[in-house]
Amino acid sequence: MGSITASDYDVVIYGASSAAVATSIQAARNGLSVALLSPYLHIGGIQIEGLGATDIDNQAEVFNSKTVGGLALELHERISAVYGRTERLNEVVAKGIKDVEIWRFESRVAEQVIADWLAEYPSIAVYRDVRLVKDGAAHKNGTKVTAVELESGQIISGKIFADCSYEGDFIAQAGVSTAVGRESSDTYGESLAGVRETTLYTQFPHPVDPYVVEGDASSGLLYGVSDEPFGTPGSADLHLAAFSYRVPLTNNPSNQLPLYAPEGYNPSHYELHRRFIATGGKLYLPNPRIPGGKTDLIGSEAVLATDLLGMNDNWATGSWEEREAILREAETFTKGLIWFFATDPAVPAEVRDAWSKFGYPLDEFPDNNHFPRSLYIRDARRMISDYVVTEHTASRDDGEPEVEDPIALAYWPTDTHCVRRIVRDGIVHNEGFIFKDGHHWRPFGISYRCMIPKRSEASNVLCPTCPSSSHVGYGAVRLEHQFYAMGQACGDAAAIALKGNLAVQDVPYEVLEQKLLAGGAKLDVTVVGAPTFPDDH
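None of these values were measured; they are calculated from a predicted model. (Residues numbered from 1 in each chain as written. Predicted model: local features only at pLDDT ≥ 70, side-chain atom pairs only at ≥ 80, totals over all residues. Heavy atoms only, no water.)

J.: Which residues make up the side chain of threonine 23, and what values do they have?
T.: Among the secondary structure elements, threonine 23 is positioned in helix H1 (residues 18-29). Within the local environment of threonine 23, its side chain forms a polar contact with the backbone oxygen of alanine 19, the two atoms lying 2.7 Å apart. In contact with threonine 23, other than residues within four places in its own chain, are Ile13, Ala162, Cys164, Pro464, Gly487, Gln488, Cys490 and Gly491. (Helix = DSSP H or I, 4+ residues; strand = E, 2+ residues; numbered from the N terminus. Polar contact = N/O pair within 3.5 Å; in protein donor to acceptor, adjacent residues only side chain to side chain. Contact = heavy atoms within 4.5 Å.)

J.: Let's hear about the layout of surface pockets: which residues, and what values?
T.: Unfilled space is identified by rolling a water-sized probe across the atoms. For the largest pocket, the calculated volume is near 510 Å³. For the lining of the largest pocket, the element with the highest residue contribution is helix H7 (residues 320-343), accounting for five residues. Considered class by class, the residues forming the lining of the largest pocket number 13 nonpolar, six polar and ten charged. (1 Å grid on protein atoms, 1.4 Å probe; cavity = no way out; pocket = protein on both sides within 12 Å on 5 of 7 lines; lining within 4 Å. Points joined across faces, edges and corners; volume = space filled by probe spheres on them. Nonpolar A, V, L, I, M, F, W, Y, C, P; charged D, E, K, R; others polar.)

J.: How would you summarise the pattern of salt bridges if you had to cite specific residues and measurements?
T.: If you walk through the whole model with that rule in mind, you get 45 salt bridges. Between arginine 396 and aspartate 397 there is a salt bridge; the shortest N-O distance is 3.0 Å. Residue arginine 396 is classed as partly exposed on the basis of its relative accessible area, which comes to 33%. With a relative accessible area of 40%, aspartate 397 lands in the partly exposed category. Because the salt bridges share partners, they merge into one network encompassing Asp209, Glu214, Glu271, Arg274, Arg275 and Asp344. (Salt bridge = Lys/Arg side-chain N within 4 Å of Asp/Glu carboxyl O. Buried < 20%, exposed > 50% of the residue type's maximum accessible area, 1.4 Å probe, protein only.)

J.: I'd like a description of the packing of H1 against helix H4 (residues 107-119), backed by residues and values.
T.: Contact pair H1 / H4: the axes reach a minimum separation of 10 Å and the direction vectors enclose 25 degrees. By the criterion of interaxial angle, the relationship of H1 to H4 is roughly parallel. Handedness of the crossing formed by H1 with H4: left-handed. Contacts from Val21, Ser24, Ile25 and Arg29 in H1 reach Ile114, Trp117 and Leu118 in H4. Taken together, the residues of the contact of H1 with H4 sort by class into five nonpolar, one polar and one charged. (Axes fitted to C-alpha atoms, helices over the stretch in contact; angles between N-to-C directions. Parallel < 35°, antiparallel > 145°, perpendicular 65-115°, else oblique. Left-handed = near helix turned anticlockwise from the far one by under 90°.)

J.: Quick rundown of the packing of aromatic side chains? Include the residues and the values.
T.: One pair of aromatic rings is described through two measures. These are the centre distance and the angle between the planes. Here the structure, examined in full by the defined rule, presents 24 aromatic pairs. Relative to phenylalanine 170, the ring of phenylalanine 161 has its centre 6.0 Å away and its plane inclined at 20 degrees; by these criteria the two rings are stacked. The same class applies to phenylalanine 161 as to phenylalanine 170, namely buried. Aromatic pair tyrosine 201 and phenylalanine 435: ring centres 5.1 Å apart, planes at 75 degrees, arrangement edge-to-face. (Phe/Tyr/Trp six-rings, centres within 6.5 Å; stacked < 30°, edge-to-face > 60°.)

J.: Account for helix H11 (residues 509-518), naming residues and giving values.
T.: Inspection of H11 places Tyr509, Leu512 and Leu516 among the buried residues, and these make up the whole buried set. One side of H11 carries all its buried residues, which in axial view fall inside an arc of 60 degrees. Facing away from the buried side of H11, by more than 90 degrees, are the exposed residues Glu510 and Ala518. Along its buried surface, H11 packs onto strand S14 (406-410) and helix H10 (480-500). Residue glycine 520 follows H11 closely and has a positive phi angle near 85 degrees. (Arc of directions from axis to C-beta.)

J.: Please provide a residue-by-residue account of the sheet that holds strand S6 (residues 155-157), values included.
T.: One open sheet holds the three strands; their spatial order is S4-S5-S6, and the pairing between them is antiparallel. Two strands bound the open sheet, and with one partner strand each, they are strand S4 (138-141) and S6. Ignoring strand direction, the axes of neighbouring strands in this sheet form an average angle of 30 degrees. Inspection of the sheet shows S4 paired to strand S5 (residues 144-149) by four bridges, in the antiparallel sense. (Pairing = 2+ DSSP bridges.)

J.: I'd like a description of the confidence of the model for the chain, backed by residues and values.
T.: Of all residues in the chain, 99% attain a pLDDT of 70 or more, and the chain-wide mean is 97. Below pLDDT 50 for its whole length, residues 1-7 participates in twelve contacts with residues either more than four positions away or in separate chains. (pLDDT = per-residue confidence, 0-100.)

J.: Can you explain unusual backbone geometry? Please cite residues and give values.
T.: Although it is not a glycine, aspartate 398 sits at a positive phi angle of roughly 60 degrees. Relative to the assigned elements, aspartate 398 resides in the loop between strand S13 (382-383) and S14. A relative accessible area of 76% means that aspartate 398 is categorised as exposed. The backbone of aspartate 425 shows a phi angle near 55 degrees, a positive value even though the residue is not glycine. In this fold, aspartate 425 is placed in the loop between strand S15 (420-424) and strand S16 (427-431).

J.: Before we move on, can you summarise the packing of H10 against H11 with the specific residues and values?
T.: Packing of H10 against H11 brings their axes to within 10 Å, and their N-to-C directions diverge by 130 degrees. Taken together, the axis directions place H10 and H11 in an arrangement best described as oblique. At the point where H10 passes H11, the crossing takes the right-handed sense. Counting all contacts with H10, which are made through Gln488, Ala489, Asp492, Ala493 and Ile496, the residues of H11 involved are Val511, Leu512, Lys515 and Leu516. Looking at the contact of H10 with H11, its residues break down into six nonpolar, one polar and two charged.

J.: Which residues make up the sheet that holds strand S18 (residues 461-462), and what values do they have?
T.: Spatial strand order, S3-S2-S1-S7-S18: five strands in an open sheet with parallel pairing. Both outer strands of the open sheet, strand S3 (124-127) and S18, are each paired with one neighbouring strand and no more. Pairing analysis gives four bridges linking strand S2 (residues 34-37) to S3, with the strands arranged parallel. Among the inter-strand pairings, alanine 35 is bridged to a residue of S3, identified as alanine 125.

The structure is reproduced here in structure tokens:
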């Protein structure tokens, strides 16, 4: 497409995530013209890159399907229609049945559904594989953004702008305050913040020596183990939760690209795994749990799985060249790990046999040799505004009052994957996971205020994917179906702001609430239930 004039678009959206899809569709349904600027060729976020085993009803203490409404539910209705399971989905929703399988799907199906959905709206102009210039991408007049400048030289003008990237690339250039990494426990008074004194989930059950030559610190550390000191519990740092590829594998021989050693495969990179096995550590097995008989490798199924501890810290603020280097290193390591599981003599025979029956599905990711094109970006920049989602927002005991302006419901623990693998007391230590470790969390309303910047910084910018939150608080918000709900709210807020010539900070909540409810959004946290915990009496 050619150059764009200032009158062409009411809403300009940057990103390819689930929230980008939802914001675009809801804005279009409100009669607005939309430019969807995707930095990738493929649009839909991690749900089209392997995450088919959703976080809906997938834990014993989690019954969060009751919070799925509006566009998030419509996505699943459209996916279920492809699979011929509409009647069952309708029954699950109507009767409040917990059925984890009904919410699962293949990436290829999700991508086609999303592409068809976007194509229903002529007012959505989709620009693929376009990226922001490195500096000065947000053209501003005072606090108002007027245009986006792309690497191609195009100037895309608009009235309302939404950063729907996982990284917050646009808000950072628009002069919006952001944070990266872990705050200290003192910043917001969070007991779970910063360096974790105790990490229980995915921790090594037996001591594993970290050195190349066992017992000899001068020999250096095994691949994947950092020499960073443990530090002080509760202190801040710049680490990110571990990313991973959400890899689908299949045991269907007719739909299989056989496993292979990737270019650059280095068997020594898996010496830590051999040591772990030698101490009695258990490896995990592939579990085909999504349609088509495919896996969805989460990354945290075991102590040593596909989570990339310490490998993605530079992603959040890195250049595209730096991110590409991280992708390639992560791809080599992940493919190599799967190859190691299937072939290395140190791996127990029954484990090797199980993994060797799988391969990469021929009907997924045909343009990337049937391997996901993107990592699961679990953590990057977070906006810091006048209101911040924290541990206290998500805490049942002594938590803060419920917000009065919910635009979606969060029903998930403060889930943050390990951030690093270090040496502590002479042995290997995974540090940073917050999950199933005794925190009494609760469902809560996600405030509209967490999606809007400070008034002094930007008056026409919204951000659903990097909301104003602490590192701990973000862990409860970052689910894909919740991003759909937040994107829907962005599309409605944009319409209200434009109709009234209002700053996004001045959108009347009562008007936004009515639009959201009319669109099927779930806003009442009192009717969705709550988890119970083993120590409840």
